[in-house]
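Chain by chain, the residues:
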There are 2 protein chains.
Amino acid sequence: MHPKHKVMNVVINKKYQDIFGTAKDLFWKYGIKRVSIEEICKEANVSKMTFYKFFPNKIELAKTIIDDLVDSSLERLNEIIHSDKSFSEKLKALFLMKLEGMNNISMEFIKDIHINQGTGLKEHMDKLQAKAISLIVEFYKDSQKKGYIRKEVKIDFILAYSAQIIKLMEDEHLLSQYEQPQDLVIESMNLLFYGIVTGNE
Amino acid sequence: MHPKHKVMNVVINKKYQDIFGTAKDLFWKYGIKRVSIEEICKEANVSKMTFYKFFPNKIELAKTIIDDLVDSSLERLNEIIHSDKSFSEKLKALFLMKLEGMNNISMEFIKDIHINQGTGLKEHMDKLQAKAISLIVEFYKDSQKKGYIRKEVKIDFILAYSAQIIKLMEDEHLLSQYEQPQDLVIESMNLLFYGIVTGNE
DNA sequence: TATTAACAAACGATAATCGTATATATTTTA
DNA sequence: TAAAATATATACGATTATCGTTTGTTAATA
(Lines give C-alpha, C1' and ligand atoms only; values in the text may rest on other atoms or scores of the structure.)
Protein backbone atom coordinates (compact mmCIF):
# COMPACT_ATOMS: atom_id res chain seq x y z
CA MET A 1 0.00 0.00 0.00
CA HIS A 2 1.45 3.30 -0.98
CA PRO A 3 1.17 6.13 1.49
CA LYS A 4 -0.60 7.99 -1.27
CA HIS A 5 -3.56 5.68 -0.87
CA LYS A 6 -3.72 6.76 2.72
CA VAL A 7 -3.82 10.44 1.76
CA MET A 8 -6.39 9.79 -0.93
CA ASN A 9 -8.60 8.02 1.57
CA VAL A 10 -8.57 10.97 3.93
CA VAL A 11 -9.67 13.41 1.27
CA ILE A 12 -12.19 11.27 -0.54
CA ASN A 13 -13.42 9.56 2.64
CA LYS A 14 -17.20 9.63 2.93
CA LYS A 15 -17.24 10.60 6.62
CA TYR A 16 -14.76 13.36 5.98
CA GLN A 17 -16.96 14.76 3.27
CA ASP A 18 -20.03 14.50 5.50
CA ILE A 19 -18.33 16.49 8.25
CA PHE A 20 -16.91 18.98 5.80
CA GLY A 21 -20.21 19.49 4.01
CA THR A 22 -22.48 19.87 7.00
CA ALA A 23 -19.98 22.11 8.78
CA LYS A 24 -19.85 24.31 5.71
CA ASP A 25 -23.63 24.58 5.66
CA LEU A 26 -23.88 25.31 9.39
CA PHE A 27 -21.01 27.83 9.42
CA TRP A 28 -22.64 29.44 6.45
CA LYS A 29 -25.91 30.04 8.22
CA TYR A 30 -24.82 30.70 11.78
CA GLY A 31 -21.12 31.53 11.73
CA ILE A 32 -18.42 29.56 13.48
CA LYS A 33 -18.91 30.38 17.16
CA ARG A 34 -22.63 29.54 17.15
CA VAL A 35 -22.01 26.01 15.88
CA SER A 36 -20.62 23.32 18.19
CA ILE A 37 -18.55 20.32 17.19
CA GLU A 38 -21.18 18.05 18.70
CA GLU A 39 -23.84 19.67 16.55
CA ILE A 40 -21.80 19.13 13.41
CA CYS A 41 -21.29 15.46 14.30
CA LYS A 42 -24.95 14.90 15.09
CA GLU A 43 -26.06 16.58 11.87
CA ALA A 44 -23.50 14.63 9.82
CA ASN A 45 -24.31 11.32 11.56
CA VAL A 46 -20.72 10.92 12.62
CA SER A 47 -19.27 10.21 16.05
CA LYS A 48 -17.11 12.80 17.79
CA MET A 49 -14.19 10.40 17.68
CA THR A 50 -14.36 10.39 13.90
CA PHE A 51 -14.34 14.16 13.91
CA TYR A 52 -11.13 14.30 15.93
CA LYS A 53 -9.63 11.72 13.61
CA PHE A 54 -9.76 14.27 10.81
CA PHE A 55 -9.60 17.66 12.54
CA PRO A 56 -7.82 18.73 15.75
CA ASN A 57 -10.48 21.35 16.51
CA LYS A 58 -13.22 23.58 15.11
CA ILE A 59 -10.89 26.36 13.96
CA GLU A 60 -8.79 24.01 11.84
CA LEU A 61 -11.96 22.67 10.25
CA ALA A 62 -12.99 26.25 9.48
CA LYS A 63 -9.59 26.93 7.94
CA THR A 64 -9.94 23.87 5.73
CA ILE A 65 -13.37 25.04 4.60
CA ILE A 66 -12.08 28.55 3.91
CA ASP A 67 -9.20 27.05 1.93
CA ASP A 68 -11.69 25.17 -0.18
CA LEU A 69 -13.85 28.22 -0.80
CA VAL A 70 -10.90 30.43 -1.68
CA ASP A 71 -9.23 27.75 -3.79
CA SER A 72 -12.25 27.37 -6.01
CA SER A 73 -12.39 31.15 -6.31
CA LEU A 74 -8.72 31.33 -7.35
CA GLU A 75 -9.33 28.58 -9.85
CA ARG A 76 -12.14 30.51 -11.49
CA LEU A 77 -10.02 33.65 -11.41
CA ASN A 78 -7.24 31.91 -13.32
CA GLU A 79 -9.71 30.46 -15.79
CA ILE A 80 -11.03 33.91 -16.60
CA ILE A 81 -7.64 35.62 -16.85
CA HIS A 82 -6.09 32.95 -19.07
CA SER A 83 -9.10 32.41 -21.28
CA ASP A 84 -9.08 33.53 -24.91
CA LYS A 85 -11.76 36.14 -24.32
CA SER A 86 -11.24 39.79 -25.22
CA PHE A 87 -10.01 42.20 -22.56
CA SER A 88 -13.39 43.83 -21.93
CA GLU A 89 -15.03 40.44 -21.75
CA LYS A 90 -12.49 39.36 -19.15
CA LEU A 91 -13.04 42.58 -17.25
CA LYS A 92 -16.77 41.98 -17.32
CA ALA A 93 -16.31 38.40 -16.10
CA LEU A 94 -14.03 39.52 -13.25
CA PHE A 95 -16.54 42.15 -12.29
CA LEU A 96 -19.43 39.72 -12.18
CA MET A 97 -17.33 37.19 -10.29
CA LYS A 98 -16.51 39.68 -7.57
CA LEU A 99 -20.15 40.65 -7.43
CA GLU A 100 -21.43 37.15 -6.84
CA GLY A 101 -18.38 36.51 -4.68
CA MET A 102 -20.11 38.63 -2.09
CA ASN A 103 -22.47 35.71 -1.58
CA ASN A 104 -19.64 33.22 -1.91
CA ILE A 105 -18.66 33.58 1.72
CA SER A 106 -21.55 34.40 3.98
CA MET A 107 -21.64 37.42 6.26
CA GLU A 108 -21.84 35.26 9.38
CA PHE A 109 -18.77 33.36 8.31
CA ILE A 110 -16.83 36.54 7.62
CA LYS A 111 -17.88 38.09 10.91
CA ASP A 112 -16.62 35.15 12.95
CA ILE A 113 -13.38 35.05 11.04
CA HIS A 114 -12.66 38.56 12.25
CA ILE A 115 -13.95 37.97 15.76
CA ASN A 116 -11.91 34.85 16.41
CA GLN A 117 -8.70 36.75 16.99
CA GLY A 118 -5.63 34.94 18.19
CA THR A 119 -6.61 31.78 16.37
CA GLY A 120 -4.81 32.80 13.20
CA LEU A 121 -8.05 32.54 11.30
CA LYS A 122 -7.99 36.10 10.01
CA GLU A 123 -4.30 35.91 9.08
CA HIS A 124 -5.02 32.68 7.23
CA MET A 125 -7.85 34.35 5.35
CA ASP A 126 -5.79 37.44 4.55
CA LYS A 127 -2.95 35.35 3.14
CA LEU A 128 -5.31 33.64 0.72
CA GLN A 129 -7.04 36.91 -0.16
CA ALA A 130 -3.64 38.40 -1.01
CA LYS A 131 -3.09 35.69 -3.63
CA ALA A 132 -6.28 36.67 -5.40
CA ILE A 133 -5.37 40.36 -5.37
CA SER A 134 -1.89 39.75 -6.74
CA LEU A 135 -3.42 37.67 -9.53
CA ILE A 136 -5.74 40.50 -10.49
CA VAL A 137 -2.98 43.11 -10.20
CA GLU A 138 -0.80 41.07 -12.56
CA PHE A 139 -3.69 40.88 -14.99
CA TYR A 140 -4.19 44.65 -14.92
CA LYS A 141 -0.47 45.37 -15.29
CA ASP A 142 -0.27 43.02 -18.23
CA SER A 143 -3.36 44.57 -19.79
CA GLN A 144 -1.86 48.04 -19.37
CA LYS A 145 1.36 46.92 -21.00
CA LYS A 146 -0.65 45.56 -23.93
CA GLY A 147 -2.37 48.93 -24.26
CA TYR A 148 -5.86 47.91 -23.12
CA ILE A 149 -5.72 50.29 -20.20
CA ARG A 150 -4.55 53.90 -20.46
CA LYS A 151 -0.91 54.36 -19.37
CA GLU A 152 -1.66 57.14 -16.86
CA VAL A 153 -4.12 55.08 -14.81
CA LYS A 154 -2.69 53.64 -11.58
CA ILE A 155 -3.54 50.01 -10.92
CA ASP A 156 -4.32 50.69 -7.25
CA PHE A 157 -6.87 53.23 -8.38
CA ILE A 158 -8.63 50.65 -10.51
CA LEU A 159 -8.79 48.28 -7.56
CA ALA A 160 -10.19 50.90 -5.21
CA TYR A 161 -12.52 52.17 -7.92
CA SER A 162 -14.05 48.81 -8.72
CA ALA A 163 -14.37 48.04 -5.01
CA GLN A 164 -16.41 51.21 -4.63
CA ILE A 165 -18.64 50.32 -7.54
CA ILE A 166 -19.28 46.90 -6.04
CA LYS A 167 -20.42 48.66 -2.89
CA LEU A 168 -22.98 50.58 -4.93
CA MET A 169 -24.82 47.30 -5.40
CA GLU A 170 -25.56 47.17 -1.70
CA ASP A 171 -27.45 50.46 -1.83
CA GLU A 172 -31.09 49.40 -1.52
CA HIS A 173 -32.43 52.81 -2.50
CA LEU A 174 -30.33 53.01 -5.63
CA LEU A 175 -31.26 49.45 -6.51
CA SER A 176 -34.96 50.30 -6.29
CA GLN A 177 -34.51 52.90 -9.05
CA TYR A 178 -33.91 50.15 -11.60
CA GLU A 179 -36.50 47.77 -12.96
CA GLN A 180 -34.11 44.86 -12.65
CA PRO A 181 -30.98 44.59 -10.52
CA GLN A 182 -29.05 43.66 -13.63
CA ASP A 183 -29.68 47.12 -15.07
CA LEU A 184 -27.60 48.63 -12.29
CA VAL A 185 -24.90 46.07 -12.96
CA ILE A 186 -24.83 47.00 -16.63
CA GLU A 187 -24.73 50.70 -15.88
CA SER A 188 -21.87 50.28 -13.41
CA MET A 189 -19.99 48.10 -15.83
CA ASN A 190 -20.31 50.62 -18.65
CA LEU A 191 -18.96 53.29 -16.34
CA LEU A 192 -15.99 51.08 -15.53
CA PHE A 193 -15.32 50.33 -19.20
CA TYR A 194 -15.53 53.79 -20.68
CA GLY A 195 -13.69 55.18 -17.68
CA ILE A 196 -10.49 53.19 -17.93
CA VAL A 197 -10.28 51.39 -21.26
CA THR A 198 -8.66 53.02 -24.30
CA GLY A 199 -11.00 51.59 -26.90
CA ASN A 200 -8.34 49.75 -28.92
CA GLU A 201 -7.97 46.06 -28.33
CA MET B 1 -49.69 59.42 38.27
CA HIS B 2 -52.16 56.89 37.07
CA PRO B 3 -51.05 53.30 37.01
CA LYS B 4 -51.91 53.42 33.34
CA HIS B 5 -48.96 55.70 32.77
CA LYS B 6 -46.76 53.03 34.18
CA VAL B 7 -48.08 50.45 31.76
CA MET B 8 -47.76 52.83 28.85
CA ASN B 9 -44.16 53.55 29.79
CA VAL B 10 -43.28 49.89 29.73
CA VAL B 11 -44.61 49.36 26.23
CA ILE B 12 -43.41 52.59 24.67
CA ASN B 13 -40.14 52.68 26.62
CA LYS B 14 -37.13 53.19 24.37
CA LYS B 15 -34.99 50.55 26.08
CA TYR B 16 -37.81 48.04 25.91
CA GLN B 17 -38.15 48.63 22.21
CA ASP B 18 -34.40 48.30 21.73
CA ILE B 19 -34.34 44.94 23.46
CA PHE B 20 -37.47 43.77 21.66
CA GLY B 21 -36.22 44.86 18.24
CA THR B 22 -32.71 43.47 18.40
CA ALA B 23 -33.94 40.22 19.96
CA LYS B 24 -36.44 39.85 17.13
CA ASP B 25 -33.68 40.35 14.56
CA LEU B 26 -31.31 37.93 16.27
CA PHE B 27 -33.96 35.23 16.87
CA TRP B 28 -34.94 35.65 13.26
CA LYS B 29 -31.50 34.89 11.94
CA TYR B 30 -30.19 32.37 14.44
CA GLY B 31 -33.16 30.98 16.35
CA ILE B 32 -33.66 31.26 20.09
CA LYS B 33 -31.15 28.83 21.53
CA ARG B 34 -28.20 30.25 19.60
CA VAL B 35 -28.73 33.74 20.97
CA SER B 36 -27.80 34.61 24.57
CA ILE B 37 -29.35 37.27 26.76
CA GLU B 38 -25.97 38.93 27.12
CA GLU B 39 -25.65 39.11 23.35
CA ILE B 40 -29.05 40.78 23.03
CA CYS B 41 -28.12 43.32 25.70
CA LYS B 42 -24.76 44.08 24.11
CA GLU B 43 -26.30 44.49 20.66
CA ALA B 44 -29.10 46.69 22.04
CA ASN B 45 -26.72 48.75 24.17
CA VAL B 46 -28.63 47.90 27.30
CA SER B 47 -27.43 46.52 30.61
CA LYS B 48 -28.48 43.07 31.73
CA MET B 49 -30.27 44.65 34.69
CA THR B 50 -32.51 46.54 32.33
CA PHE B 51 -33.29 43.35 30.50
CA TYR B 52 -34.49 41.62 33.66
CA LYS B 53 -36.53 44.70 34.50
CA PHE B 54 -38.71 43.94 31.50
CA PHE B 55 -38.44 40.19 30.94
CA PRO B 56 -37.97 37.34 33.45
CA ASN B 57 -36.03 35.23 30.94
CA LYS B 58 -35.31 34.54 27.29
CA ILE B 59 -38.34 32.34 26.71
CA GLU B 60 -40.77 34.99 27.94
CA LEU B 61 -39.13 37.51 25.64
CA ALA B 62 -39.56 35.06 22.79
CA LYS B 63 -43.22 34.60 23.68
CA THR B 64 -43.72 38.36 23.63
CA ILE B 65 -42.13 38.55 20.21
CA ILE B 66 -44.22 35.68 18.91
CA ASP B 67 -47.32 37.39 20.28
CA ASP B 68 -46.41 40.49 18.33
CA LEU B 69 -45.80 38.58 15.12
CA VAL B 70 -49.02 36.59 15.40
CA ASP B 71 -51.05 39.62 16.48
CA SER B 72 -50.11 41.54 13.38
CA SER B 73 -50.95 38.47 11.31
CA LEU B 74 -54.38 38.16 12.92
CA GLU B 75 -54.94 41.85 12.30
CA ARG B 76 -54.23 41.46 8.60
CA LEU B 77 -56.41 38.35 8.53
CA ASN B 78 -59.36 40.29 9.94
CA GLU B 79 -58.76 43.14 7.54
CA ILE B 80 -58.96 40.79 4.59
CA ILE B 81 -62.01 38.87 5.79
CA HIS B 82 -64.04 41.96 6.65
CA SER B 83 -63.04 43.99 3.64
CA ASP B 84 -65.55 44.76 0.87
CA LYS B 85 -63.67 42.67 -1.67
CA SER B 86 -65.38 39.87 -3.60
CA PHE B 87 -65.13 36.31 -2.30
CA SER B 88 -62.54 35.18 -4.82
CA GLU B 89 -60.50 38.29 -4.18
CA LYS B 90 -60.56 37.55 -0.46
CA LEU B 91 -59.61 33.96 -1.13
CA LYS B 92 -56.74 35.13 -3.28
CA ALA B 93 -55.58 37.55 -0.58
CA LEU B 94 -55.73 34.85 2.11
CA PHE B 95 -53.79 32.52 -0.11
CA LEU B 96 -51.06 35.06 -0.77
CA MET B 97 -50.93 35.98 2.90
CA LYS B 98 -50.37 32.41 3.94
CA LEU B 99 -47.74 32.08 1.25
CA GLU B 100 -45.71 35.06 2.38
CA GLY B 101 -46.51 34.09 5.96
CA MET B 102 -43.99 31.33 5.45
CA ASN B 103 -41.35 34.05 5.57
CA ASN B 104 -43.19 35.87 8.34
CA ILE B 105 -41.71 33.64 10.98
CA SER B 106 -38.28 32.38 10.08
CA MET B 107 -37.37 28.72 9.91
CA GLU B 108 -34.81 29.05 12.70
CA PHE B 109 -37.40 30.62 14.93
CA ILE B 110 -39.95 27.89 14.23
CA LYS B 111 -37.39 25.15 14.75
CA ASP B 112 -36.44 26.43 18.19
CA ILE B 113 -40.05 26.84 19.19
CA HIS B 114 -40.59 23.14 18.63
CA ILE B 115 -37.28 22.12 20.18
CA ASN B 116 -37.73 24.06 23.41
CA GLN B 117 -40.16 21.57 24.88
CA GLY B 118 -41.31 21.99 28.45
CA THR B 119 -41.06 25.75 28.25
CA GLY B 120 -44.63 26.12 27.04
CA LEU B 121 -43.35 27.89 23.96
CA LYS B 122 -44.95 25.48 21.52
CA GLU B 123 -48.23 25.43 23.45
CA HIS B 124 -48.23 29.23 23.43
CA MET B 125 -47.65 29.26 19.69
CA ASP B 126 -50.33 26.63 19.05
CA LYS B 127 -52.91 28.59 21.03
CA LEU B 128 -52.32 31.67 18.91
CA GLN B 129 -52.27 29.60 15.72
CA ALA B 130 -55.66 28.16 16.70
CA LYS B 131 -57.16 31.64 16.74
CA ALA B 132 -56.08 32.22 13.17
CA ILE B 133 -57.50 28.89 12.04
CA SER B 134 -60.86 29.48 13.71
CA LEU B 135 -61.02 32.87 12.01
CA ILE B 136 -60.46 31.28 8.63
CA VAL B 137 -62.88 28.43 9.35
CA GLU B 138 -65.58 30.95 10.25
CA PHE B 139 -64.90 32.77 7.00
CA TYR B 140 -65.24 29.57 4.96
CA LYS B 141 -68.41 28.52 6.76
CA ASP B 142 -69.93 31.92 6.19
CA SER B 143 -68.90 31.84 2.54
CA GLN B 144 -70.45 28.40 2.13
CA LYS B 145 -73.67 29.62 3.70
CA LYS B 146 -73.71 32.51 1.25
CA GLY B 147 -73.29 30.05 -1.62
CA TYR B 148 -69.77 30.96 -2.66
CA ILE B 149 -68.53 27.48 -1.88
CA ARG B 150 -70.29 24.31 -2.97
CA LYS B 151 -72.45 22.78 -0.23
CA GLU B 152 -70.88 19.31 -0.43
CA VAL B 153 -67.35 20.52 0.24
CA LYS B 154 -66.13 19.98 3.80
CA ILE B 155 -64.34 22.95 5.37
CA ASP B 156 -61.61 20.74 6.82
CA PHE B 157 -60.91 19.49 3.34
CA ILE B 158 -60.39 23.02 2.08
CA LEU B 159 -57.95 23.68 4.91
CA ALA B 160 -55.94 20.53 4.25
CA TYR B 161 -56.14 21.10 0.52
CA SER B 162 -54.79 24.65 0.60
CA ALA B 163 -52.08 23.58 3.04
CA GLN B 164 -50.96 20.98 0.52
CA ILE B 165 -50.90 23.51 -2.28
CA ILE B 166 -48.79 25.86 -0.18
CA LYS B 167 -46.34 23.02 0.26
CA LEU B 168 -46.06 22.70 -3.50
CA MET B 169 -44.27 26.05 -3.47
CA GLU B 170 -41.38 24.49 -1.59
CA ASP B 171 -40.74 22.00 -4.37
CA GLU B 172 -37.56 23.29 -6.01
CA HIS B 173 -37.87 21.02 -9.02
CA LEU B 174 -41.44 22.03 -9.72
CA LEU B 175 -40.53 25.68 -9.25
CA SER B 176 -37.77 25.40 -11.83
CA GLN B 177 -40.37 24.40 -14.46
CA TYR B 178 -41.81 27.90 -14.41
CA GLU B 179 -40.19 31.00 -15.82
CA GLN B 180 -41.20 33.00 -12.79
CA PRO B 181 -42.17 31.75 -9.33
CA GLN B 182 -45.38 33.75 -9.62
CA ASP B 183 -46.51 31.56 -12.48
CA LEU B 184 -46.71 28.61 -10.12
CA VAL B 185 -48.61 30.74 -7.64
CA ILE B 186 -51.13 31.69 -10.32
CA GLU B 187 -51.52 28.10 -11.47
CA SER B 188 -52.06 26.87 -7.93
CA MET B 189 -54.55 29.62 -7.25
CA ASN B 190 -56.56 28.84 -10.36
CA LEU B 191 -56.70 25.21 -9.29
CA LEU B 192 -58.00 26.25 -5.89
CA PHE B 193 -60.63 28.54 -7.37
CA TYR B 194 -62.08 26.30 -10.02
CA GLY B 195 -61.86 23.36 -7.65
CA ILE B 196 -64.03 24.64 -4.84
CA VAL B 197 -65.90 27.74 -5.93
CA THR B 198 -69.32 27.49 -7.53
CA GLY B 199 -68.89 30.37 -9.92
CA ASN B 200 -71.79 32.49 -8.63
CA GLU B 201 -70.93 35.30 -6.27
C1' DT C 1 -32.44 66.40 48.95
C1' DA C 2 -34.59 62.26 48.02
C1' DT C 3 -35.87 59.29 44.30
C1' DT C 4 -35.67 56.93 40.32
C1' DA C 5 -33.53 54.63 36.45
C1' DA C 6 -29.71 52.70 34.26
C1' DC C 7 -25.32 50.92 34.48
C1' DA C 8 -20.94 48.10 35.08
C1' DA C 9 -18.79 44.63 37.50
C1' DA C 10 -18.77 40.61 39.95
C1' DC C 11 -20.85 36.63 41.87
C1' DG C 12 -22.24 31.57 42.60
C1' DA C 13 -24.90 28.16 40.28
C1' DT C 14 -25.94 25.72 36.44
C1' DA C 15 -25.43 24.07 31.80
C1' DA C 16 -22.86 23.54 27.47
C1' DT C 17 -18.87 22.33 25.23
C1' DC C 18 -14.38 20.51 24.70
C1' DG C 19 -11.03 17.03 24.11
C1' DT C 20 -9.97 12.41 25.77
C1' DA C 21 -10.51 7.63 27.38
C1' DT C 22 -12.79 3.23 27.36
C1' DA C 23 -15.32 -0.51 25.96
C1' DT C 24 -18.11 -2.43 22.19
C1' DA C 25 -19.45 -3.25 17.43
C1' DT C 26 -18.32 -3.36 12.59
C1' DT C 27 -15.52 -3.81 8.66
C1' DT C 28 -11.04 -5.07 6.33
C1' DT C 29 -7.42 -7.66 5.60
C1' DA C 30 -4.43 -11.63 5.97
C1' DT D 1 -12.22 -17.79 10.01
C1' DA D 2 -9.02 -15.13 12.91
C1' DA D 3 -6.57 -11.00 13.56
C1' DA D 4 -6.25 -6.19 12.82
C1' DA D 5 -7.97 -1.94 11.84
C1' DT D 6 -11.80 1.30 12.09
C1' DA D 7 -16.01 3.38 13.64
C1' DT D 8 -19.15 4.00 17.26
C1' DA D 9 -21.52 5.03 21.63
C1' DT D 10 -20.88 6.36 26.12
C1' DA D 11 -18.87 8.48 29.80
C1' DC D 12 -15.55 11.41 31.83
C1' DG D 13 -13.06 15.47 33.93
C1' DA D 14 -11.88 20.10 32.70
C1' DT D 15 -13.00 24.17 30.89
C1' DT D 16 -15.97 27.70 29.37
C1' DA D 17 -20.49 30.06 28.62
C1' DT D 18 -24.61 31.46 30.32
C1' DC D 19 -27.95 32.49 33.73
C1' DG D 20 -30.14 35.20 37.17
C1' DT D 21 -28.87 37.95 41.18
C1' DT D 22 -26.29 41.15 44.09
C1' DT D 23 -23.64 45.19 44.94
C1' DG D 24 -22.15 49.73 44.46
C1' DT D 25 -21.98 53.84 41.33
C1' DT D 26 -23.56 57.44 38.33
C1' DA D 27 -26.86 60.58 36.24
C1' DA D 28 -31.08 62.51 35.69
C1' DT D 29 -35.61 63.84 37.81
C1' DA D 30 -39.15 65.32 41.19
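Parameters at a glance
Along each chain, residue indices are assigned from 1 in the same order as the chain's sequence is written. Think of it this way: whatever chain is written first is A, whatever ligand is written first is 1, and the rest follow in order. Local features in this predicted model are restricted to residues whose pLDDT is 70 or higher, and side-chain atom pairs enter the listing and the counts only when it is 80 or higher, whereas totals over whole chains, interfaces and linings include all residues. Note that the side-chain values use all heavy atoms of the structure and ignore hydrogens as well as water. An automatic or database domain assignment provides the domain bounds reported here. As a working definition, buried area equals the accessible area (1.4 Å probe) given up by two parts on being put together, with both sides summed. Throughout this description, the term salt bridge denotes a Lys or Arg side-chain nitrogen within 4 Å of a carboxyl oxygen of Asp or Glu. Secondary structure is summarised from DSSP: a helix means a run of H or I of at least four residues, a strand means a run of E of at least two, and numbering begins at the N terminus for each. Any residue that is not Ala, Val, Leu, Ile, Met, Phe, Trp, Tyr, Cys, Pro, Asp, Glu, Lys or Arg is counted as polar, Gly included; the first ten are nonpolar and the last four charged. Alignment of copies: least-squares fit on C-alpha atoms of residues with pLDDT of at least 70 in both copies. Contact criterion: two residues are considered in contact whenever any of their non-hydrogen atoms come within 4.5 Å of each other. The classification of residues rests on relative accessible area computed with a 1.4 Å probe and restricted to protein chains. Under 20% of the type maximum is buried, over 50% is exposed, and intermediate values are partly exposed.

(A) Examining the domain arrangement of chain A more closely. All names here are of chain A. As assigned here, chain A comprises domain 1 (1–55) and domain 2 (57–196). Across the domain 1 to domain 2 interface the summed buried area is about 1,600 Å²; carbon plus sulfur atoms make up 74%. Taken together, domain 1 and domain 2 are joined by 1 salt bridge. A salt bridge links Lys24 to Asp68; the shortest N-O distance between them is 3.6 Å. At the level of secondary structure, the elements contributing two or more residues to the side of domain 1 that touches domain 2 comprise helix H2 (14–30) and helix H3 (37–44). Looking at the side of domain 1 that touches domain 2 element by element, the count peaks at 9 residues for H2. Across the side of domain 1 that touches domain 2, the residue classes break down as 13 nonpolar, 1 polar and 4 charged.

(B) Expanded view of the relation of the copies chain A and chain B. Between chain A and chain B, the superposition needs a rotation of 179 degrees and an axial shift of 0.4 Å, giving an RMSD of 0.2 Å. Within this description, the copies of the chain are treated as partners about a two-fold rotation axis. The share of interface residues of chain A whose copies in chain B are also at the interface is 100%, consistent with both copies meeting through the same surface.

(C) Fine view of the pattern of salt bridges. What the rule picks out here adds up to 14 salt bridges over all chains. For the salt bridge of Lys48 of chain A with Glu38 of chain A, the shortest nitrogen-to-oxygen distance reads 2.8 Å. Of this pair, Lys48 of chain A sits in helix H4 (residues 48–54) while Glu38 of chain A is found in helix H3, placing the two residues 10 residues apart along the sequence. Given a relative accessible area of 39%, Lys48 of chain A falls into the partly exposed group. With its nearest N and O atoms 3.0 Å apart, the salt bridge here joins Lys14 of chain B to Asp18 of chain B. Remark: Asp18 of chain B and Lys14 of chain B occur in helix H2 (residues 14–30); sequence separation between them is 4 residues, near one turn of the helix.

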